[in-house]
Amino acid sequence: MKELLSKAYAKTGESFISTILTAAADPNVISFAGGLPNPASFPMEALKESCNNIIDKYGSAVFQYAKTEGLQAFRQYLAEDYNKTYGVNLDADNIVVTTGSQQALDCFGKVFINEGDGILVEKPSYLGAFQAFDQYCPEYYPVTLNDDGLDIEELEETLEKYGDKIKLAYLIPEFQNPTGLTYTEENRAKVTEILKKYNVVLIEDDPYGQLRFEGTKPPYIGLGKLPQAALLGTFSKVATPGMRVGYVVTENKELAKYIAMALEATSLHTNIFSQYLLLDYLQNNDQPAHVKDIQDLYRQQCHCMLDAMDKYFPENVTYTRPEGGMFIWATLPEGVSAIKLFPKAAEKGVVYVPGDPFYVGVHDANTLRLNFTNASPEAIDKGIHLLGDMLKEECAG
Ligand code: PMP
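Conventions we followed
- Residues numbered from 1 in each chain as written.
- Predicted model: local features only at pLDDT ≥ 70, side-chain atom pairs only at ≥ 80, totals over all residues.
- UniProt positions renumbered as here; feature names shortened; annotations may be inferred.
- Helix = DSSP H or I, 4+ residues; strand = E, 2+ residues; numbered from the N terminus.
- Rg over C-alpha atoms; globule rule 2.2 N^0.38 Å.
- Contact = placed C-beta atoms within 7 Å.
- Near = placed C-beta within 6 Å.
- Nonpolar A, V, L, I, M, F, W, Y, C, P; charged D, E, K, R; others polar.
- Pairing = 2+ DSSP bridges.
- Axes fitted to C-alpha atoms, helices over the stretch in contact; angles between N-to-C directions.
- Parallel < 35°, antiparallel > 145°, perpendicular 65-115°, else oblique.
- Left-handed = near helix turned anticlockwise from the far one by under 90°.
- Core = buried A, V, L, I, M, F, W, Y, C linked by C-beta atoms within 7 Å.
- Buried ≥ 20, exposed ≤ 12 C-beta atoms within 10 Å, placed from the backbone.
- Domains from an automatic or database assignment.

- As annotated in an unreviewed UniProt entry, the chain is PLP-dependent aminotransferase family protein from Mogibacterium kristiansenii.
- As stated in UniProt under Subunit (unreviewed entry), the record for the chain gives "Homodimer."
- Reading the Cofactor (unreviewed entry) entry of the UniProt record for the chain gives the comment "pyridoxal 5'-phosphate".

Have a look at this one:
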(Lines give C-alpha, C1' and ligand atoms only; values in the text may rest on other atoms or scores of the structure.)
Protein backbone atom coordinates (compact mmCIF):
# COMPACT_ATOMS: atom_id res chain seq x y z
CA MET A 1 0.00 0.00 0.00
CA LYS A 2 3.00 2.27 0.59
CA GLU A 3 3.13 3.37 -3.05
CA LEU A 4 -0.35 4.84 -2.58
CA LEU A 5 0.70 7.23 0.18
CA SER A 6 0.65 10.95 -0.52
CA LYS A 7 3.99 12.68 -0.97
CA ALA A 8 3.57 14.64 2.24
CA TYR A 9 2.54 11.61 4.30
CA ALA A 10 5.31 9.43 2.92
CA LYS A 11 7.84 12.01 4.13
CA THR A 12 6.37 12.08 7.64
CA GLY A 13 7.89 8.77 8.75
CA GLU A 14 7.15 7.23 12.10
CA SER A 15 5.68 9.63 14.62
CA PHE A 16 8.23 10.50 17.27
CA ILE A 17 5.41 11.42 19.66
CA SER A 18 4.02 7.88 19.56
CA THR A 19 7.48 6.33 20.03
CA ILE A 20 8.00 8.51 23.09
CA LEU A 21 4.58 7.74 24.53
CA THR A 22 5.19 4.00 24.06
CA ALA A 23 8.51 4.16 25.93
CA ALA A 24 6.95 6.38 28.59
CA ALA A 25 4.05 3.96 29.15
CA ASP A 26 6.37 1.22 30.51
CA PRO A 27 5.44 1.12 34.22
CA ASN A 28 9.04 0.24 35.16
CA VAL A 29 10.40 3.41 33.67
CA ILE A 30 10.40 6.90 35.20
CA SER A 31 9.23 9.13 32.41
CA PHE A 32 10.20 12.75 31.94
CA ALA A 33 9.36 12.31 28.27
CA GLY A 34 5.67 13.06 27.84
CA GLY A 35 4.13 16.48 28.05
CA LEU A 36 1.26 15.38 30.24
CA PRO A 37 -0.28 17.81 32.71
CA ASN A 38 -0.52 16.54 36.28
CA PRO A 39 -3.94 14.85 36.71
CA ALA A 40 -4.35 16.99 39.85
CA SER A 41 -4.91 19.88 37.41
CA PHE A 42 -8.18 18.37 36.19
CA PRO A 43 -11.07 19.95 38.14
CA MET A 44 -13.05 16.71 38.12
CA GLU A 45 -15.70 17.40 40.74
CA ALA A 46 -16.59 20.78 39.27
CA LEU A 47 -16.73 19.31 35.76
CA LYS A 48 -18.99 16.50 36.97
CA GLU A 49 -21.40 19.09 38.32
CA SER A 50 -21.26 21.14 35.11
CA CYS A 51 -21.96 17.99 33.14
CA ASN A 52 -25.35 17.62 34.83
CA ASN A 53 -26.01 21.35 34.74
CA ILE A 54 -25.64 21.69 30.99
CA ILE A 55 -27.89 18.76 30.14
CA ASP A 56 -30.58 20.17 32.44
CA LYS A 57 -30.08 23.71 31.19
CA TYR A 58 -29.54 23.33 27.45
CA GLY A 59 -31.12 19.93 26.73
CA SER A 60 -30.50 18.38 23.31
CA ALA A 61 -28.42 21.35 22.09
CA VAL A 62 -25.39 19.99 23.94
CA PHE A 63 -25.58 16.84 21.79
CA GLN A 64 -26.45 18.46 18.46
CA TYR A 65 -24.34 19.64 15.51
CA ALA A 66 -23.28 23.24 16.04
CA LYS A 67 -21.72 26.33 14.46
CA THR A 68 -18.25 25.88 12.99
CA GLU A 69 -16.70 28.86 14.84
CA GLY A 70 -17.81 27.49 18.20
CA LEU A 71 -20.44 28.21 20.82
CA GLN A 72 -21.30 31.93 20.67
CA ALA A 73 -21.60 32.40 24.45
CA PHE A 74 -18.32 30.55 25.05
CA ARG A 75 -16.48 32.68 22.47
CA GLN A 76 -17.99 35.83 23.97
CA TYR A 77 -16.86 34.72 27.45
CA LEU A 78 -13.30 34.15 26.19
CA ALA A 79 -13.28 37.48 24.30
CA GLU A 80 -14.35 39.38 27.42
CA ASP A 81 -11.73 37.60 29.49
CA TYR A 82 -8.99 38.78 27.08
CA ASN A 83 -10.49 42.29 27.04
CA LYS A 84 -10.39 42.47 30.83
CA THR A 85 -6.91 41.07 31.18
CA TYR A 86 -5.12 42.65 28.22
CA GLY A 87 -7.11 45.82 27.44
CA VAL A 88 -8.03 44.72 23.93
CA ASN A 89 -11.42 45.07 22.27
CA LEU A 90 -12.58 41.64 21.16
CA ASP A 91 -15.97 40.05 20.62
CA ALA A 92 -17.09 36.51 19.80
CA ASP A 93 -16.16 36.91 16.11
CA ASN A 94 -12.52 37.33 17.09
CA ILE A 95 -12.46 33.78 18.47
CA VAL A 96 -12.59 30.39 16.73
CA VAL A 97 -12.82 27.33 18.96
CA THR A 98 -10.59 24.47 17.78
CA THR A 99 -9.96 20.86 18.72
CA GLY A 100 -7.00 21.79 20.92
CA SER A 101 -4.49 24.30 19.65
CA GLN A 102 -3.05 21.43 17.64
CA GLN A 103 -5.95 21.66 15.20
CA ALA A 104 -5.38 25.40 14.88
CA LEU A 105 -1.84 24.68 13.68
CA ASP A 106 -3.22 22.36 11.01
CA CYS A 107 -5.74 25.01 9.95
CA PHE A 108 -3.01 27.62 9.49
CA GLY A 109 -1.10 25.19 7.28
CA LYS A 110 -4.26 24.45 5.28
CA VAL A 111 -5.12 28.12 4.82
CA PHE A 112 -1.70 29.55 3.97
CA ILE A 113 0.84 26.97 2.85
CA ASN A 114 1.49 25.78 -0.69
CA GLU A 115 4.40 23.40 -1.21
CA GLY A 116 7.65 25.32 -0.67
CA ASP A 117 6.09 28.32 1.11
CA GLY A 118 8.08 29.54 4.07
CA ILE A 119 7.38 29.20 7.79
CA LEU A 120 9.71 30.99 10.19
CA VAL A 121 10.19 28.87 13.32
CA GLU A 122 12.26 28.96 16.47
CA LYS A 123 15.31 26.75 16.66
CA PRO A 124 14.36 24.50 18.41
CA SER A 125 10.54 24.42 18.19
CA TYR A 126 7.51 22.29 19.10
CA LEU A 127 7.67 18.98 17.26
CA GLY A 128 3.87 18.71 17.05
CA ALA A 129 3.85 21.93 15.02
CA PHE A 130 6.29 20.41 12.56
CA GLN A 131 3.98 17.40 12.30
CA ALA A 132 0.99 19.63 11.58
CA PHE A 133 2.78 21.89 9.09
CA ASP A 134 4.69 19.05 7.35
CA GLN A 135 1.43 17.92 5.72
CA TYR A 136 1.59 21.06 3.57
CA CYS A 137 5.26 20.60 2.56
CA PRO A 138 6.59 24.00 3.67
CA GLU A 139 10.14 25.25 3.71
CA TYR A 140 11.22 26.05 7.28
CA TYR A 141 13.33 29.06 8.21
CA PRO A 142 14.66 28.42 11.74
CA VAL A 143 15.86 31.32 13.88
CA THR A 144 17.94 30.56 16.96
CA LEU A 145 16.19 30.83 20.30
CA ASN A 146 18.49 32.40 22.91
CA ASP A 147 17.96 32.66 26.67
CA ASP A 148 16.24 36.06 26.23
CA GLY A 149 14.16 35.17 23.15
CA LEU A 150 14.65 35.13 19.38
CA ASP A 151 18.10 35.99 18.03
CA ILE A 152 17.29 39.44 16.67
CA GLU A 153 20.14 39.67 14.20
CA GLU A 154 19.28 36.28 12.75
CA LEU A 155 15.59 37.20 12.59
CA GLU A 156 16.37 40.37 10.65
CA GLU A 157 18.75 38.58 8.30
CA THR A 158 16.29 35.75 7.66
CA LEU A 159 13.44 38.12 6.88
CA GLU A 160 15.59 40.40 4.75
CA LYS A 161 16.73 37.44 2.68
CA TYR A 162 13.58 35.33 2.56
CA GLY A 163 10.79 37.72 3.58
CA ASP A 164 9.03 37.32 0.23
CA LYS A 165 8.86 33.52 0.69
CA ILE A 166 7.87 33.47 4.37
CA LYS A 167 4.12 33.49 4.98
CA LEU A 168 3.89 32.40 8.60
CA ALA A 169 5.99 33.03 11.71
CA TYR A 170 5.34 30.40 14.37
CA LEU A 171 6.55 31.43 17.84
CA ILE A 172 6.05 30.17 21.40
CA PRO A 173 7.30 33.13 23.45
CA GLU A 174 6.29 31.92 26.92
CA PHE A 175 7.73 28.78 28.60
CA GLN A 176 8.53 27.40 25.21
CA ASN A 177 8.15 23.75 24.32
CA PRO A 178 10.79 22.26 24.34
CA THR A 179 13.13 24.71 26.13
CA GLY A 180 11.04 26.30 28.88
CA LEU A 181 12.49 29.67 27.74
CA THR A 182 10.54 32.95 27.76
CA TYR A 183 11.21 35.98 25.57
CA THR A 184 11.96 39.13 27.60
CA GLU A 185 9.83 42.24 27.17
CA GLU A 186 12.66 43.95 25.23
CA ASN A 187 13.05 41.00 22.90
CA ARG A 188 9.30 40.86 22.25
CA ALA A 189 9.20 44.56 21.40
CA LYS A 190 11.99 44.08 18.87
CA VAL A 191 10.27 41.04 17.33
CA THR A 192 7.03 43.03 17.01
CA GLU A 193 8.84 45.92 15.29
CA ILE A 194 10.60 43.62 12.84
CA LEU A 195 7.50 41.58 11.97
CA LYS A 196 5.58 44.83 11.33
CA LYS A 197 7.75 45.42 8.28
CA TYR A 198 6.80 42.17 6.55
CA ASN A 199 3.68 40.63 5.05
CA VAL A 200 3.77 37.69 7.42
CA VAL A 201 1.06 36.15 9.63
CA LEU A 202 2.23 35.65 13.21
CA ILE A 203 1.06 32.55 15.09
CA GLU A 204 1.79 33.21 18.76
CA ASP A 205 1.27 29.85 20.44
CA ASP A 206 0.47 30.28 24.13
CA PRO A 207 -0.47 26.97 25.75
CA TYR A 208 1.65 27.59 28.86
CA GLY A 209 1.27 31.34 29.54
CA GLN A 210 -1.07 30.79 32.49
CA LEU A 211 1.37 28.39 34.11
CA ARG A 212 3.67 31.15 35.38
CA PHE A 213 4.89 30.29 38.87
CA GLU A 214 7.60 32.99 39.07
CA GLY A 215 8.20 36.48 37.71
CA THR A 216 5.78 38.68 35.79
CA LYS A 217 4.15 38.18 32.42
CA PRO A 218 5.58 40.23 29.54
CA PRO A 219 3.14 41.59 26.93
CA TYR A 220 2.15 39.59 23.87
CA ILE A 221 4.07 40.08 20.62
CA GLY A 222 1.06 40.18 18.32
CA LEU A 223 -2.14 40.85 20.28
CA GLY A 224 -3.02 44.55 20.11
CA LYS A 225 0.09 45.24 18.01
CA LEU A 226 0.17 43.40 14.69
CA PRO A 227 -2.65 43.44 12.12
CA GLN A 228 -2.00 39.88 10.91
CA ALA A 229 -1.56 37.95 14.11
CA ALA A 230 -3.26 35.16 16.00
CA LEU A 231 -2.84 33.91 19.52
CA LEU A 232 -3.45 30.22 20.21
CA GLY A 233 -4.98 29.37 23.57
CA THR A 234 -6.01 26.04 25.06
CA PHE A 235 -7.75 24.50 28.06
CA SER A 236 -5.37 21.53 27.93
CA LYS A 237 -3.03 22.78 30.65
CA VAL A 238 -5.52 24.62 32.89
CA ALA A 239 -8.54 22.28 32.84
CA THR A 240 -8.26 19.10 30.77
CA PRO A 241 -6.37 18.08 27.62
CA GLY A 242 -8.72 15.16 26.93
CA MET A 243 -11.63 17.48 26.24
CA ARG A 244 -9.61 18.84 23.28
CA VAL A 245 -10.68 22.48 23.47
CA GLY A 246 -8.39 25.21 22.23
CA TYR A 247 -9.04 28.49 20.44
CA VAL A 248 -7.64 31.03 18.04
CA VAL A 249 -7.80 34.67 19.16
CA THR A 250 -7.30 37.24 16.44
CA GLU A 251 -8.20 40.89 16.04
CA ASN A 252 -8.29 40.20 12.31
CA LYS A 253 -11.82 38.93 11.56
CA GLU A 254 -10.87 37.99 8.01
CA LEU A 255 -8.23 35.64 9.45
CA ALA A 256 -10.80 34.21 11.89
CA LYS A 257 -13.07 33.41 8.93
CA TYR A 258 -10.28 31.66 7.02
CA ILE A 259 -9.47 29.50 10.02
CA ALA A 260 -13.15 28.64 10.55
CA MET A 261 -13.51 27.58 6.90
CA ALA A 262 -10.48 25.29 7.19
CA LEU A 263 -11.84 23.87 10.43
CA GLU A 264 -15.20 23.14 8.82
CA ALA A 265 -13.48 20.98 6.23
CA THR A 266 -11.70 18.83 8.83
CA SER A 267 -14.14 18.53 11.72
CA LEU A 268 -17.34 20.55 10.97
CA HIS A 269 -16.99 22.06 14.44
CA THR A 270 -15.24 21.47 17.74
CA ASN A 271 -16.91 19.15 20.28
CA ILE A 272 -19.91 21.19 21.37
CA PHE A 273 -20.53 19.25 24.59
CA SER A 274 -17.02 20.21 25.76
CA GLN A 275 -17.68 23.86 24.94
CA TYR A 276 -20.93 23.98 26.93
CA LEU A 277 -19.21 22.12 29.74
CA LEU A 278 -16.24 24.47 29.93
CA LEU A 279 -18.46 27.54 29.72
CA ASP A 280 -20.59 26.33 32.62
CA TYR A 281 -17.46 25.39 34.55
CA LEU A 282 -15.91 28.85 34.02
CA GLN A 283 -19.13 30.64 34.96
CA ASN A 284 -19.60 28.73 38.19
CA ASN A 285 -16.10 28.18 39.55
CA ASP A 286 -13.09 30.21 40.64
CA GLN A 287 -10.81 29.35 37.72
CA PRO A 288 -8.04 31.83 38.73
CA ALA A 289 -7.82 30.03 42.10
CA HIS A 290 -7.64 26.68 40.30
CA VAL A 291 -4.87 27.97 38.03
CA LYS A 292 -3.00 29.25 41.09
CA ASP A 293 -3.12 25.74 42.59
CA ILE A 294 -1.61 24.35 39.38
CA GLN A 295 1.10 27.03 39.46
CA ASP A 296 1.93 26.12 43.09
CA LEU A 297 2.15 22.44 42.21
CA TYR A 298 4.36 23.00 39.16
CA ARG A 299 6.65 25.42 41.01
CA GLN A 300 7.27 22.70 43.55
CA GLN A 301 7.85 20.02 40.90
CA CYS A 302 10.12 22.27 38.82
CA HIS A 303 12.24 23.19 41.85
CA CYS A 304 12.43 19.56 42.85
CA MET A 305 13.80 18.66 39.40
CA LEU A 306 16.24 21.59 39.29
CA ASP A 307 17.52 20.79 42.80
CA ALA A 308 18.08 17.17 41.74
CA MET A 309 19.84 18.29 38.55
CA ASP A 310 22.08 20.64 40.57
CA LYS A 311 22.93 17.69 42.81
CA TYR A 312 23.35 14.82 40.34
CA PHE A 313 24.22 16.23 36.90
CA PRO A 314 27.86 16.68 35.85
CA GLU A 315 29.04 20.29 35.62
CA ASN A 316 29.48 20.20 31.86
CA VAL A 317 25.73 19.72 31.37
CA THR A 318 23.80 23.02 31.40
CA TYR A 319 20.03 23.56 31.65
CA THR A 320 17.32 26.19 31.58
CA ARG A 321 15.60 27.44 34.74
CA PRO A 322 12.00 28.07 33.66
CA GLU A 323 9.69 30.53 35.41
CA GLY A 324 6.67 28.47 34.38
CA GLY A 325 5.34 25.89 31.99
CA MET A 326 6.20 22.22 32.01
CA PHE A 327 9.71 21.67 30.60
CA ILE A 328 13.42 21.98 31.32
CA TRP A 329 15.92 21.80 28.45
CA ALA A 330 19.37 20.35 29.05
CA THR A 331 22.45 20.81 26.86
CA LEU A 332 25.15 18.14 26.95
CA PRO A 333 28.76 18.80 25.96
CA GLU A 334 29.40 19.34 22.24
CA GLY A 335 29.42 16.05 20.32
CA VAL A 336 27.39 14.01 22.83
CA SER A 337 24.23 12.71 21.14
CA ALA A 338 21.14 12.67 23.37
CA ILE A 339 19.33 10.36 20.94
CA LYS A 340 22.13 7.79 21.06
CA LEU A 341 21.98 7.85 24.85
CA PHE A 342 18.20 7.34 24.90
CA PRO A 343 18.25 3.46 24.89
CA LYS A 344 20.89 3.46 27.65
CA ALA A 345 18.78 5.76 29.78
CA ALA A 346 15.66 3.69 29.15
CA GLU A 347 17.57 0.56 30.19
CA LYS A 348 18.51 2.28 33.46
CA GLY A 349 14.83 3.13 33.95
CA VAL A 350 14.45 6.77 32.95
CA VAL A 351 13.34 8.43 29.69
CA TYR A 352 13.41 11.93 28.21
CA VAL A 353 12.86 13.37 24.74
CA PRO A 354 16.10 13.73 22.76
CA GLY A 355 16.52 17.09 21.02
CA ASP A 356 16.51 15.91 17.37
CA PRO A 357 12.76 16.05 16.59
CA PHE A 358 12.56 19.66 17.78
CA TYR A 359 14.90 20.85 15.02
CA VAL A 360 14.74 21.00 11.25
CA GLY A 361 17.35 18.67 9.78
CA VAL A 362 19.52 18.31 12.90
CA HIS A 363 20.74 14.85 13.89
CA ASP A 364 22.48 13.72 17.06
CA ALA A 365 21.72 16.98 18.86
CA ASN A 366 23.37 17.37 22.27
CA THR A 367 20.11 18.55 23.82
CA LEU A 368 17.17 16.91 25.59
CA ARG A 369 13.79 17.84 27.06
CA LEU A 370 12.65 16.94 30.56
CA ASN A 371 9.03 17.25 31.71
CA PHE A 372 8.56 17.91 35.43
CA THR A 373 4.76 17.99 35.81
CA ASN A 374 3.84 14.35 35.80
CA ALA A 375 6.11 12.66 38.34
CA SER A 376 6.12 12.62 42.15
CA PRO A 377 9.00 14.36 44.00
CA GLU A 378 10.40 10.91 44.86
CA ALA A 379 10.27 9.79 41.22
CA ILE A 380 11.84 13.07 40.08
CA ASP A 381 14.73 12.67 42.51
CA LYS A 382 15.26 9.01 41.63
CA GLY A 383 14.95 9.53 37.86
CA ILE A 384 17.29 12.52 37.79
CA HIS A 385 19.77 10.59 39.95
CA LEU A 386 19.76 7.72 37.43
CA LEU A 387 20.11 10.12 34.52
CA GLY A 388 22.84 12.11 36.28
CA ASP A 389 24.89 8.96 36.94
CA MET A 390 24.62 7.98 33.29
CA LEU A 391 25.56 11.48 32.12
CA LYS A 392 28.59 11.53 34.43
CA GLU A 393 29.83 8.40 32.61
CA GLU A 394 28.94 9.56 29.12
CA CYS A 395 29.96 13.20 29.36
CA ALA A 396 33.29 12.68 31.12
CA GLY A 397 36.36 14.41 29.70
N1 PMP B 1 1.49 24.00 21.07
C2 PMP B 1 2.45 23.67 21.94
C3 PMP B 1 3.67 24.51 22.03
C4 PMP B 1 2.29 22.55 22.76
O5 PMP B 1 3.27 22.22 23.61
C6 PMP B 1 1.11 21.78 22.66
C7 PMP B 1 0.85 20.58 23.52
N8 PMP B 1 1.86 19.79 23.87
C9 PMP B 1 0.15 22.16 21.72
C10 PMP B 1 0.36 23.30 20.95
C11 PMP B 1 -1.12 21.39 21.52
O12 PMP B 1 -1.94 21.52 22.62
P13 PMP B 1 -3.50 21.18 22.61
O14 PMP B 1 -3.83 20.68 21.25
O15 PMP B 1 -3.68 20.15 23.66
O16 PMP B 1 -4.18 22.46 22.92
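Back to the write-up after that little detour.
1. Concerning the overall build of the chain
Then comes step 1: Secondary structure summary: the chain contains 13 helices and 14 strands in total.
Then comes step 2: Here the C-alpha radius of gyration of the chain, 21 Å, is about what a compact globule of 397 residues would show, namely 21 Å.
Then comes step 3: Overall size of the chain, expressed as C-alpha extent along the three principal axes, is 65 × 50 × 50 Å.
Then comes step 4: The contacts in the chain between residues at least 6 apart in sequence include a share of 75% that link residues at least 24 apart.

2. A word on the site of the ligand
Then comes step 1: Taken together, 14 residues sit near the ligand, with Gly100, Gln102, Asn177, Thr234 and Ser236 positioned nearest.
Then comes step 2: The biggest single contributor to the shell around the ligand is helix 5 (residues 100-112), with three residues.
Then comes step 3: In terms of residue class, the shell around the ligand is made up of four nonpolar, nine polar and one charged.

3. Some points on the environment of tyrosine 247
Then comes step 1: Inspection of the secondary structure puts tyrosine 247 in strand 9 (residues 246-249).
Then comes step 2: Taking the C-alpha atoms as reference points, tyrosine 247 and threonine 98, 149 residues apart in sequence, are found 5.1 Å from one another.
Then comes step 3: Residues within four places of tyrosine 247 in sequence aside, it is in contact with Leu78, Ile95, Val96, Val97, Thr98 and Gly233.

4. Notes on the sheet that holds strand 10 (residues 318-319)
Then comes step 1: With antiparallel pairing, four strands are arranged side by side in an open sheet as 10-11-14-13. Every interior strand has two partners, whereas the edge strands, strand 10 and strand 13 (353-354), have only one.

5. Quick look at the sheet that holds strand 9
Then comes step 1: With respect to topology, eight strands assemble into an open sheet ordered 2-9-8-7-6-3-4-5, the strand pairing being mixed. Each edge of the open sheet is held by one strand with a lone partner, namely strand 2 (95-98) and strand 5 (149-150).
Then comes step 2: Note: strand 7 (residues 201-205) against strand 8 (residues 229-234), four bridges, orientation parallel. Note on strand 8: the bridge partner recorded for glutamate 204 is leucine 231.

6. Some details on the packing of helix 4 (residues 72-86) against helix 10 (residues 272-284)
Then comes step 1: Across the interface, helix 4 lies against helix 10 with an axial gap of 9 Å and an inter-helix angle of 45°. One element, helix 4, and the other, helix 10, form an angle in the oblique class. Considering how the two elements wind past one another, helix 4 and helix 10 form a crossing that is left-handed. Only Gln275, Leu278, Leu279 and Leu282 of helix 10 make contact with helix 4, whose side of the interface consists of Ala73, Phe74 and Tyr77.
Then comes step 2: Of the residues in the contact of helix 4 with helix 10, the class split is six nonpolar, one polar and no charged.

7. Description of the nonpolar core
Then comes step 1: Counting residues in each nonpolar core, the largest one holds 114 residues, and the members touching the most others are Ala169, Leu202, Val248 and Ile259.
Then comes step 2: If you count residues domain by domain, this core takes at least three from each of domain 1 (2-42 + 289-395) and domain 2 (64-284).
Then comes step 3: Apart from the residues lying within four places of it in its own chain, the contact partners of alanine 169 are Leu120, Leu195, Val200, Leu202 and Ile203.

8. Focus on the domain arrangement of the chain
Then comes step 1: Here the chain is described as being made up of domain 1 (2-42 + 289-395) and domain 2 (64-284).
Then comes step 2: Computed over C-alpha atoms, the centres of domain 1 and domain 2 are 24 Å apart.
Then comes step 3: Mapped by element, the contributors of at least two residues to the side of domain 1 that touches domain 2 are helix 1 (7-12), helix 2 (16-25), helix 11 (287-312) and strand 11 (327-331).
Then comes step 4: Examining the composition of the side of domain 1 that touches domain 2, we find that six residues originate from one element, helix 11, more than from any other.

9. Thoughts on the environment of asparagine 316
Then comes step 1: If you trace the backbone, asparagine 316 turns up in the loop between helix 11 and strand 10.
Then comes step 2: Given 15 C-beta atoms within 10 Å, asparagine 316 falls into the partly exposed group.
Then comes step 3: Sequence-wise, asparagine 316 and serine 101 are 215 residues apart; in three dimensions their C-alpha atoms are separated by 36 Å.
Then comes step 4: The residues touching asparagine 316, leaving out its near neighbours within four places in the chain, are Pro333 and Cys395.

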